[in-house]
Protein chains: 2
Amino acid sequence: MSASPDDPARYNSFLADLLGVMAYGELSAFERLSSDARYSPTLHDRAVLGRMAVVEFQHYELVRSRLEAMGLDTEAAMLPFQPSVDHFHERTRPADWYESLMKAYVIDTVSADVYRAVARYVDAGTRELIEQIQSAETSTAVLRDRLKAALADDPRLASRLALWARRLLGEALTQAQRVGIEHALLGGLSGLDDDAAKDMASGLAAELAANHARRMAGLGLAA
Amino acid sequence: MSASPDDPARYNSFLADLLGVMAYGELSAFERLSSDARYSPTLHDRAVLGRMAVVEFQHYELVRSRLEAMGLDTEAAMLPFQPSVDHFHERTRPADWYESLMKAYVIDTVSADVYRAVARYVDAGTRELIEQIQSAETSTAVLRDRLKAALADDPRLASRLALWARRLLGEALTQAQRVGIEHALLGGLSGLDDDAAKDMASGLAAELAANHARRMAGLGLAA
């Protein structure tokens, strides 16, 4: 399946879009995580979220370098995706630290799934970049452990966080679909016609939802 | 002047306080800068502030490592300084991006001055740490150039930013004095009795104000 693009112009425009949405997603995640960090219950927790935010920024820098190496302007590549990503964050403002933690966990794990899926269809250099920025297992594990501990301390959190996680996934899928449709992102993948791209998109959504459900069950939450 | 501490217990408690206030200052600066970044006029500017925020977090990590190497708990070392630092930030919430930029510039340059002054009185290992985290000249230069460009674009900004910078310096000195008095920070320096510590503190305040005035003049602002 590793695509060596047979329509270079179309593939390059797909790549600019893919890297643009990744760059803006990472930059926004950095800002949101580090702002949310201030509401952590302890200084230790603030540093934990801060450290994750810094990793997001480093990912942004990796994607930016790649865009620049392709002779593309990072700002121009990100701009088309600003409305959807901002809209996602506006609609999912955490009410407290636990919701921030869950948001970080959902974004982390769902992005990793998306990246993994997309990596199958891109050139080797891009795949390598995606693997580099795929969420580090350790930071995901820290979030999961912190959520488990919080749920053990206060079982009343469970229903609120289960509902919140469901909303996060819903908003993420809605925005991903909007971005995909507006920018015909998947259609730019080599070897996929429009129908194949649509099939892949709905297959991906189902896969993301199933993985999410499995992870929520792992936390003892109803997905 | 390089002090090899002759009262180790007193010196160590001074050092824990010094590193504690530095750690919390860096962690807070990271959070505030990265939250403020979202209000930048362009995505390019957002990334510039974000990059500075990341540097602050890396400084926090350096100080934390040092505290841990000394067998001290970072959270316990930071806690006494949380009220003063938070109070400073509460009283200096930027109203827009230009005020954020000026706040970053003032914090950057004034901290560098304070670190430079304190470095004269500490052991070699601590001095090395302080030199490592002293604000990188390049990031200060970026802020200065960005402020100059903003002032050239909109000369009406000058009086507002001059007033704002004066307030920032005033609040910073007030909090620094409070921290210094409450924790008898300077008194912990080897070879300084209480009167010498007070003299040093007022000498330092005068020096900080003079340097600040010179930098504001460099921006074409009245200090």
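Residues numbered from 1 in each chain as written. Chains lettered and ligands numbered in written order. Predicted model: local features only at pLDDT ≥ 70, side-chain atom pairs only at ≥ 80, totals over all residues. Heavy atoms only, no water.

S.K.: Would you mind showing me how to read the overall build of chain A here?
M.R.: A tally of regular secondary structure across chain A gives nine helices and zero strands. Ordered by position in the sequence, the α and β elements of chain A form the string α-α-α-α-α-α-α-α-α. Taken over 223 residues, chain A has a buried fraction of 51%. Across chain A, the fraction of contacts at a sequence separation of at least 24, relative to all contacts at a separation of at least 6, is 79%. For chain A, the exposed area adds up to about 9900 Å²; of that, 55% sits on carbon and sulfur atoms. (Helix = DSSP H or I, 4+ residues; strand = E, 2+ residues; numbered from the N terminus. Buried < 20%, exposed > 50% of the residue type's maximum accessible area, 1.4 Å probe, protein only. Contact = heavy atoms within 4.5 Å. Areas by Shrake-Rupley, 256 points an atom, 1.4 Å probe, with all protein chains shown as cover.)

S.K.: How should I be thinking about the interface of chain B and chain A in this particular structure?
M.R.: Many authors give the size of an interface as the accessible area that is lost as the parts come together. Tallying the contact residues gives 28 residues for chain B and 28 residues for chain A. On the chain B side of the interface with chain A, the three residues burying the most area are Glu 31, Arg 38 and Leu 43 of chain B, jointly 27% of the side's total. Among the salt bridges present, the one from Glu 61 of chain B reaches Arg 51 of chain A, with a minimum N-O distance of 2.6 Å. Taken together, the links from chain B to chain A amount to 12 residue pairs in polar contact (both at pLDDT 80 or more). Secondary-structure elements contributing two or more residues to the side of chain B that touches chain A are α1 (8-37), α2 (43-69) and α3 (74-78) of chain B. The greatest single-element share of the side of chain B that touches chain A, amounting to 13 residues, is contributed by α2 of chain B. Classifying every residue of the side of chain B that touches chain A gives 12 nonpolar, eight polar and eight charged. (Buried area = accessible area lost by both parts, 1.4 Å probe. Salt bridge = Lys/Arg side-chain N within 4 Å of Asp/Glu carboxyl O. Polar contact = N/O pair within 3.5 Å; in protein donor to acceptor, adjacent residues only side chain to side chain. Nonpolar A, V, L, I, M, F, W, Y, C, P; charged D, E, K, R; others polar.)

S.K.: Please explain the environment of Met 70 of chain A as it appears in this structure.
M.R.: Residue and element names in this part refer to chain A. One can find Met 70 in the loop between α2 (43-69) and α3 (74-78). Look at Met 70 and you get partly exposed, because its relative accessible area is 28%. Setting aside its immediate chain neighbours within four residues, Met 70 contacts Leu 15 and Leu 19.

S.K.: Help me understand the nonpolar core, please; the structure alone is not making it clear to me.
M.R.: What tends to happen in soluble globular proteins is that the nonpolar side chains get buried as a cluster. By size, the foremost hydrophobic cluster in this structure holds 117 residues, and its most contacted members are Met 102 of chain A together with Met 102 of chain B. Non-local contacts of Met 102 of chain A, meaning those with residues more than four positions away in its chain, are made with Leu 147, Leu 161, Trp 164, Ala 165, Leu 168, Met 216, Leu 219 and Leu 221 of chain A. (Core = buried A, V, L, I, M, F, W, Y, C linked by side-chain atoms within 4.5 Å.)

S.K.: Just checking my understanding: could you explain the pattern of salt bridges for this structure?
M.R.: It is possible for side chains of opposite charge to pair when their charged atoms get near one another. Residues and elements named next belong to chain A. The full count for this structure, using the stated rule, is 30 salt bridges over all chains. Linking Arg 146 and Asp 45 is a salt bridge whose minimum nitrogen-to-oxygen distance equals 2.8 Å. Taken as a pair, Arg 146 in helix α7 (residues 137-153) and Asp 45 in helix α2 lie far apart in primary sequence, 101 residues in all.

S.K.: Where do I start with the side chain of Ser 100 of chain B in this structure?
M.R.: With respect to the element layout, Ser 100 of chain B can be found in helix α5 (residues 97-119). Not counting residues within four places of it along the chain, the set of residues in contact with Ser 100 of chain B comprises Asp 36 and Pro 94 of chain B.

S.K.: I keep staring at the packing of aromatic side chains and nothing clicks. Help me out?
M.R.: To describe a pair of aromatic rings, one takes the distance between the centres and the angle between the planes. Taken as a whole and assessed by the stated rule, the structure comprises nine aromatic pairs over all chains. Ring centres of Phe 57 of chain A and Tyr 60 of chain A lie 5.5 Å apart, and the angle between their planes is 45°; on these two criteria the pair is classed as tilted. Taken as a pair, Phe 57 of chain A and Tyr 60 of chain A lie in helix α2 at a separation of three residues, close to a single helical turn. Across the pair, exposure class does not vary: Phe 57 of chain A and Tyr 60 of chain A are buried alike. Aromatic rings pair up to connect Phe 30, Phe 57 and Tyr 60 of chain A together with Phe 30, Phe 57 and Tyr 60 of chain B into one cluster. (Phe/Tyr/Trp six-rings, centres within 6.5 Å; stacked < 30°, edge-to-face > 60°.)

S.K.: Looking at this model, I keep getting lost on the environment of Asp 73 of chain A. Mind explaining?
M.R.: All names here are of chain A. Structurally, Asp 73 can be placed in the loop between α2 and α3. We classify Asp 73 as partly exposed; its relative accessible area is 47%. The spatial distance from the C-alpha of Asp 73 to the C-alpha of Thr 92 is 29 Å, given a sequence separation of 19 residues.

S.K.: Would you take a moment to explain the relation of the copies chain B and chain A for this structure?
M.R.: Look at the two chain copies: a rotation about an axis and a shift along it is all it takes to match them. Once chain B has been moved 0.0 Å along the axis and rotated by 180°, it coincides with chain A to within an RMSD of 0.0 Å. Such values leave the two copies arranged in the relation of a two-fold axis. Every residue of chain B has its C-alpha some distance from the rotation axis, and the shortest such distance is that of Ser 35 of chain B, at 2.5 Å. A share of 100% of interface residues in chain B that are also interface residues in chain A marks the association as one of identical surfaces. (Least-squares fit on C-alpha atoms with pLDDT ≥ 70 in both.)

S.K.: Looking at this model, I keep getting lost on α5 of chain B. Mind explaining?
M.R.: Think of an α-helix as 3.6 residues a turn; residues three or four steps apart then line up on the same face. The end-to-end C-alpha separation of α5 of chain B is 32 Å, in line with the 33 Å expected for 23 residues at 1.5 Å each. At the N-terminal end of α5 of chain B, a side-chain oxygen is found 3.2 Å from the backbone nitrogen of Tyr 98 of chain B, two or three residues along, and the residue is Asp 96 of chain B. (Expected span 1.5 Å × (residues − 1).)

S.K.: Got a minute to help me understand the side chain of Thr 74 of chain B in this structure?
M.R.: As for its position among the elements, Thr 74 of chain B is in helix α3. Apart from the residues within four sequence positions on either side, Thr 74 of chain B is in contact with Tyr 60, Arg 64, Leu 67 and Glu 68 of chain B.

S.K.: Is there a simple way to think about the confidence of the model for chain A in this case?
M.R.: As a note on interpretation, predicted positions should not be read in detail where pLDDT is low. Residue and element names in this part refer to chain A. Mean pLDDT over chain A works out to 86, with 89% of the residues at or above the 70 mark. Mean pLDDT across the secondary structure elements of chain A bottoms out at helix α9 (residues 194-218), with 83, and peaks at α3, with 95. Note on the complex model: pTM 0.85, ipTM 0.80. (pLDDT = per-residue confidence, 0-100.)

S.K.: I keep staring at the packing of helix α1 (residues 8-37) of chain A against helix α4 (residues 82-91) of chain A and nothing clicks. Help me out?
M.R.: For any two helices packed against each other, the geometry comes down to the angle between their axes and how far apart the axes lie. Residue and element names in this part refer to chain A. For the pair α1 and α4, the least separation of the axes is 10 Å and the interaxial angle reads 30°. Here α1 lies roughly parallel to α4, going by the angle between them. Where α1 crosses over α4, the two elements pack in a sense that is right-handed. On α4, the residues that touch Tyr 24, Gly 25, Ser 28, Ala 29 and Arg 32 of α1 are Gln 82, Val 85, Asp 86, His 89 and Glu 90. Of the residues belonging to the contact of α1 with α4, the class tally is three nonpolar, four polar and three charged. (Axes fitted to C-alpha atoms, helices over the stretch in contact; angles between N-to-C directions. Parallel < 35°, antiparallel > 145°, perpendicular 65-115°, else oblique. Left-handed = near helix turned anticlockwise from the far one by under 90°.)

S.K.: I keep staring at the packing of α1 of chain B against α5 of chain B and nothing clicks. Help me out?
M.R.: All names here are of chain B. Their axes nearest at 11 Å, the elements α1 and α5 cross at an angle of 165°. In terms of axis orientation, α1 runs roughly antiparallel to α5. The handedness of the crossing between α1 and α5 is left-handed. For the pair α1 and α5, the contacting residues are Leu 18, Met 22, Glu 26, Leu 33 and Asp 36 in the first and Trp 97, Ser 100, Ala 104, Tyr 115 and Val 118 in the second. Of the residues contributing to the contact of α1 with α5, the split by class is seven nonpolar, one polar and two charged.

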